[in-house]
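# Structural characterization, general
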Amino acid sequence: MIVVTGGTGLVGAHLLFELARTGKKVRAIRRKPESVAYAEKTFSYYSSDHQALFSRIEWVEGDVTDIHSLIDAMQEAEVVYHCAGMISYNPREVRHMMKVNVEGSANVANACLETGIRKLCHVSSVAAFGFNASGKTITETSKWRSSPYNSNYDISKYGGEREIWRAAEEGLGVVIVNPSIILGPGRWTQGSPQLFDRVYKGLKIYTRGSAGYIDVRDVVRAMVRLTESDVKNQRYILSAENHPYKFFLEKVADALGRPRPRIEAGSLLLGLARRLDAIKSLLTGQPQVITKEITRGARNRTYYSSEKIKQQLGMSFIPVERSIKEIADIYLKEFRG
């Protein structure tokens, strides 16, 4: 039996599809019954018989912040994929994010130890390496450094990894993957899928920064291969290519048949936008969207290397432009028929 946390998210839903497609016996944790609708939609992107595949998943209610529900879910299981997590740059959500990403990871690790799980695959992020001020390419040997430029999200992912490594020292077999920006279809108002929606609706600006990108199918493929291998107590960066945000947004616009963003948002424009958004938040009570962490990250140039997993497992990745085209095709089919 395999247990998956976060099965209703981008990575988790794609992982469930892959496990169901290959005939694995899977139990997925959900917080509420209606949350599985996105996961079922994900199955429909890749299979004409998606309902039959989806019916193979055993859903149980639980939450990573409730260790007792995790222990119940892990009964008779051998492997756990921990995909649950929270991404936020909203200052109002910091406490909850820490609870999910740090305490939640500790609960998953402790439940694995309690129930005798053979191996845990933890989905972390390149954010766990922290803010890269040096401009050097980040590898698995790069060290976390305390910095005022580390976002709360960075800190939460680093803290979550520490809990997983602690469990490894207590005897749990673990493997950690650190994806860069994950590309895939899904909730078009969240995460990277949101960028496709914004470009389609007319995004006009871009920023100077750069980042790494990886197709969600490659993330899942790496997770399964690592978990089914003899590898343990190792971490792996997953990043197919490094590109400026301008390049990425232009390719998304081209794939959607929309105008490319043409206005570069420098420090002054970003700063003004952040202040205006803060005023709007105060007046309306709505969460601030453009935060200091967002504007800082938008200007940062970061590069990642996946040579470790390429050399050890011989993995190759889907080209970023192909990922963009295929996601854009799904978006256009869903909203334009």
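Residues numbered from 1 in each chain as written. Predicted model: local features only at pLDDT ≥ 70, side-chain atom pairs only at ≥ 80, totals over all residues. Heavy atoms only, no water.

Before going further, it helps to spend a moment on unusual backbone geometry. Phi angles above zero are rare outside glycine, and Glu76 is one such case at about 70°. Along the chain, Glu76 falls in the loop between helix H4 (67-73) and strand E4 (79-82). Here the phi dihedral of Asn233 falls at roughly 55°; this positive angle occurs in a residue that is not glycine. By the element assignment, Asn233 lies in the loop between helix H8 (216-228) and strand E10 (234-238). (Helix = DSSP H or I, 4+ residues; strand = E, 2+ residues; numbered from the N terminus.)

Once that is clear, we can look at helix H6 (residues 152-169). Between its first and last C-alpha atoms H6 spans 26 Å; for 18 residues at 1.5 Å apiece the expected length is 26 Å, and the two agree. Within H6, the full set of buried residues consists of Tyr153, Asp154, Ser156, Lys157, Gly159, Gly160, Glu161, Ile164, Ala167 and Ala168. Taken from the residues just after H6, Gly171 is the one with a positive phi, measuring 110°. (Expected span 1.5 Å × (residues − 1). Buried < 20%, exposed > 50% of the residue type's maximum accessible area, 1.4 Å probe, protein only.)

Bringing the environment of Tyr236 into the picture now. The residue Tyr236 is located in strand E10 in this model. With relative accessibility at 0%, the residue Tyr236 sits in the buried group. On a C-alpha basis, the gap between Tyr236 and Thr139 in space is 8.6 Å, while along the polypeptide they are 97 residues apart. With residues near it in sequence (within four places) discarded, Tyr236 still touches Glu140, Val175, Ile176, Val177, Asn178, Leu226, Val231, Lys308, Ile309 and Gln312. Within the local environment of Tyr236, its side chain forms a polar contact with the side chain of Gln312, the two groups lying 2.6 Å apart. (Contact = heavy atoms within 4.5 Å. Polar contact = N/O pair within 3.5 Å; in protein donor to acceptor, adjacent residues only side chain to side chain.)

Here helix H2 (residues 37-46) has its buried residues at Tyr38, Ala39, Thr42, Phe43 and Tyr45. Looking straight down H2, one finds its buried side chains confined to an arc of 150°; they lie on one side. In the core, the buried residues of H2 are packed alongside helix H1 (10-21), helix H3 (50-54), strand E3 (57-61) and helix H13 (320-336). (Arc of directions from axis to C-beta.)

So, about the packing of helix H9 (residues 245-256) against H13. Relative to each other, H9 and H13 sit at 45°, their axes nearing to 9 Å. Classified by the angle their axes make, H9 and H13 are oblique. As H9 runs across H13, the sense of the crossing is right-handed. Of the residues in H13, those touching H9 at Phe247, Phe248, Lys251, Val252, Ala255 and Leu256 are Glu321, Ile324, Lys325, Ala328, Tyr331 and Leu332. When its residues are assigned to classes, the contact of H9 with H13 shows 9 nonpolar, no polar and 3 charged. (Axes fitted to C-alpha atoms, helices over the stretch in contact; angles between N-to-C directions. Parallel < 35°, antiparallel > 145°, perpendicular 65-115°, else oblique. Left-handed = near helix turned anticlockwise from the far one by under 90°. Nonpolar A, V, L, I, M, F, W, Y, C, P; charged D, E, K, R; others polar.)

Within the secondary structure layout, Ser88 lies in the loop between E4 and helix H5 (94-115). For Ser88, the side chain forms a polar contact with the side chain of Glu93, separated by 2.5 Å. Contact partners of Ser88, with chain neighbours within four places excluded, come to Glu93, Met97 and Tyr153.

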